[in-house]
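Residue-level listing of the chains:
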Amino acid sequence: MAGAISCPLIFSERIVAPPTSYIDSVETPQLPDHHGLDSLTLPQVLQHYRVPALSVAVIRDFRIHWAKAYGVADRVSAVAAETDTLFQAASISKPVAAMLVMKAIQDDYFGLYDDVFSVLKSWCPAETTFTRTGKVTPLSLMSHTSGLGDGYGYPGYPPGSALPSLLQILNGEAPCNVGATRFHRSPMSAWQYSGAGYTILQLLLEEVYRQPFATLLHQQVLSPLNMTRSGFDDSVAQQQEQNRARGHDMAGQSMPHKWHRYPEQAAAGLWTTASDLAQFMIELQRSLHGQSNLVLSRNTIQAMATPVGVGDYAAGFAMEKQGDGWYLTHHGDNVGFKGWICGHKQKGYGCVLLCNGDNGVGVIREVTSRIQRVYEWALPRPRE
């Protein structure tokens, strides 16, 4: 596999380097079999869940410890998945976009607690009692506490179909395939996951910087973090079409279209690799320790790892406690793609897993469990 690194195993305090098949099939007798799949190799796990491919990167001591890909990127062409194969990050796009929002705040384009609609000039929601009773802030949009009620978000658009503008998406106008963005409760009164919150932030960033979101993210986040295999349909991903994973359904069959497109880039549109997302998580972890400031200062980045007090989200990440540690986590769920990112807030370890099948959550949970047992980490359980 291109760029693959061998998978080490920790026995107590001694590091050894067994064959990579150890991660593939956790066969040590004393390890409990939680899912009835411990006798299966990872290719067999993929077959069991009818998922064509998995890409994994494991973080240890604030660096990528190993990365590997399994299976085929496209069941039709039978092209093997490699570590540099691009997958849709789906909603893992949100924490990456949140870093760009925090960069704009650090650069004084607007404030974390500013009223978004006193800054944003090109769109304003239909006025309700909810929008009159409290400020919708960048922090509330990033933490899903703004009062929006759109639920889980966007189905995307098949290749070749007309794509709506951001204003058409927010207004629910053709060719948009979702309803208009509406506020259903007062800001900070309750938590509800919202893709539309990040579409509002995407429009805000384009307005204050006067540049396309894809350009901004590349300049301000992807390039500084050396995420060279990350971008959107109209940037790096289009140039690498032959090395993009294809989406597959619950039965593991190729979808009629290779993938859907997402003009809601901040919410769901990023193409990336497990290794690139691991670089992103490592920068967050090192910045929280004051060891790096490639994008954000230590003070600024705290908002991405501090729950707002309503729900379990910070600015971009869910914060989850497992064992004696706090973790930054996020799931990804697009048509034909599933993903998971997880990193310990203090200890510099974690993992990224990307799949090209609708049944990928089972694979992600199984592999996360194996990583947890091999490394003796108390990793959170990936969400449905």
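Because the structure is a prediction, the values reported are computed rather than measured. (Residues numbered from 1 in each chain as written. Predicted model: local features only at pLDDT ≥ 70, side-chain atom pairs only at ≥ 80, totals over all residues. Heavy atoms only, no water.)

J.: Run through the overall build of the protein chain, naming residues and quoting values.
T.: When helices and strands are counted, the protein chain shows 14 helices and 11 strands. Taking as baseline every contact in the protein chain between residues at least 6 positions apart, the subset at least 24 positions apart corresponds to 67%. Looking at the protein chain as shown, the accessible area adds up to about 14,800 Å², and 49% of this sits on carbon and sulfur atoms. (Helix = DSSP H or I, 4+ residues; strand = E, 2+ residues; numbered from the N terminus. Contact = heavy atoms within 4.5 Å. Areas by Shrake-Rupley, 256 points an atom, 1.4 Å probe, with all protein chains shown as cover.)

J.: An account of the packing of aromatic side chains is needed here, citing residue identities and associated values.
T.: All chains considered together, the criterion is met by 13 aromatic pairs. A network of ring pairs unites the aromatic residues Tyr327, Tyr349, Tyr375 and Trp377 as a single cluster. Above the plane of the ring of Trp271 lies Arg244, whose end atom (NZ or CZ) is 4.6 Å from the centre. (Phe/Tyr/Trp six-rings, centres within 6.5 Å; stacked < 30°, edge-to-face > 60°. Lys NZ or Arg CZ within 6 Å of the ring centre and 35° of its normal.)

J.: Explain helix H2 (residues 42-49) residue by residue, including any values.
T.: Along H2, the residues that are buried comprise Leu42, Val45, Leu46 and Tyr49. Each buried residue of H2 sits inside an arc of 100° when the element is viewed along its axis, so together they form one side. Immediately beyond the C-terminal end of H2, within one or two residues, lies Arg50, with a positive phi of roughly 60°. (Buried < 20%, exposed > 50% of the residue type's maximum accessible area, 1.4 Å probe, protein only. Arc of directions from axis to C-beta.)

J.: A description of the environment of Gln202 should follow, citing residues and the corresponding values.
T.: Residue placement: Gln202 occurs in helix H8 (residues 196-209). Between the alpha carbons of Gln202 and Phe213 there is a distance of 6.4 Å; along the sequence they are 11 residues apart. Among all residues touching Gln202, those that are not within four sequence positions of it are Leu166, Phe213, Pro263, Glu264, Gln265 and Ala266.

J.: So what's going on with the sheet that holds strand S10 (residues 337-344)? Which residues, and what values?
T.: Read from one edge of the open sheet, seven strands run S5-S4-S3-S11-S10-S9-S8, paired in antiparallel fashion. The open sheet is flanked by strand S5 (79-80) and strand S8 (318-322), the only strands paired with a single partner. When S8 meets strand S9 (residues 325-334), the two strands line up antiparallel, connected through five bridges. Directly across from Ala318, in S9, lies its bridge partner Thr329. (Pairing = 2+ DSSP bridges.)

J.: Can you explain the packing of H8 against helix H9 (residues 213-222)? Please cite residues and give values.
T.: Running from N to C, H8 and H9 cross one another at 80°; their axes reach a closest spacing of 9 Å. One finds that H8 runs roughly perpendicular with respect to H9. The residues of H9 that touch H8, namely those facing Gln202, Leu205, Glu206 and Tyr209, are Phe213, Leu216 and Gln220. Residue composition of the contact of H8 with H9, grouped by class: four nonpolar, two polar and one charged. (Axes fitted to C-alpha atoms, helices over the stretch in contact; angles between N-to-C directions. Parallel < 35°, antiparallel > 145°, perpendicular 65-115°, else oblique. Nonpolar A, V, L, I, M, F, W, Y, C, P; charged D, E, K, R; others polar.)

J.: So what's going on with empty space enclosed by the protein? Which residues, and what values?
T.: This model, assessed by the stated rule, comprises one cavity of 30 Å³ or more. Within this model, the largest cavity holds a volume of roughly 70 Å³. His331, Gly332, Gly339, Val361 and Arg383 are, among the 11 residues lining the largest cavity, the residues nearest its centre. Looking at the lining of the largest cavity, the elements that each hand over two or more residues are S9, S10 and helix H14 (360-375). Its residues placed into classes, the lining of the largest cavity shows four nonpolar, three polar and four charged. (1 Å grid on protein atoms, 1.4 Å probe; cavity = no way out; pocket = protein on both sides within 12 Å on 5 of 7 lines; lining within 4 Å. Points joined across faces, edges and corners; volume = space filled by probe spheres on them.)

J.: How would you explain the state of the cysteines if you had to name every residue and give the values?
T.: Inspection of every chain in the model, using the stated rule, returns zero disulfides. Not part of a disulfide, Cys342 finds its nearest cysteine sulfur in Cys351, a span of 5.3 Å. Here Cys342 falls in the buried class, since its relative accessible area comes to 1%. Residue classification places Cys351 among the buried residues on the basis of a relative accessible area of 0%. (Disulfide = S-S within 2.5 Å.)

J.: Before we move on, could you go through unusual backbone geometry and cite the residues and values that matter?
T.: Note that the residue after Ala174, namely Pro175, is joined by a cis bond; omega there is 5°. For Pro175, the position within the fold is in the loop between helix H7 (166-171) and H8. Phi at Ala78 takes a positive value of approximately 65°, unusual for a residue other than glycine. Here Ala78 is to be found in the loop between strand S4 (63-74) and S5. The exposed category is assigned to Ala78, whose relative accessible area is 51%.

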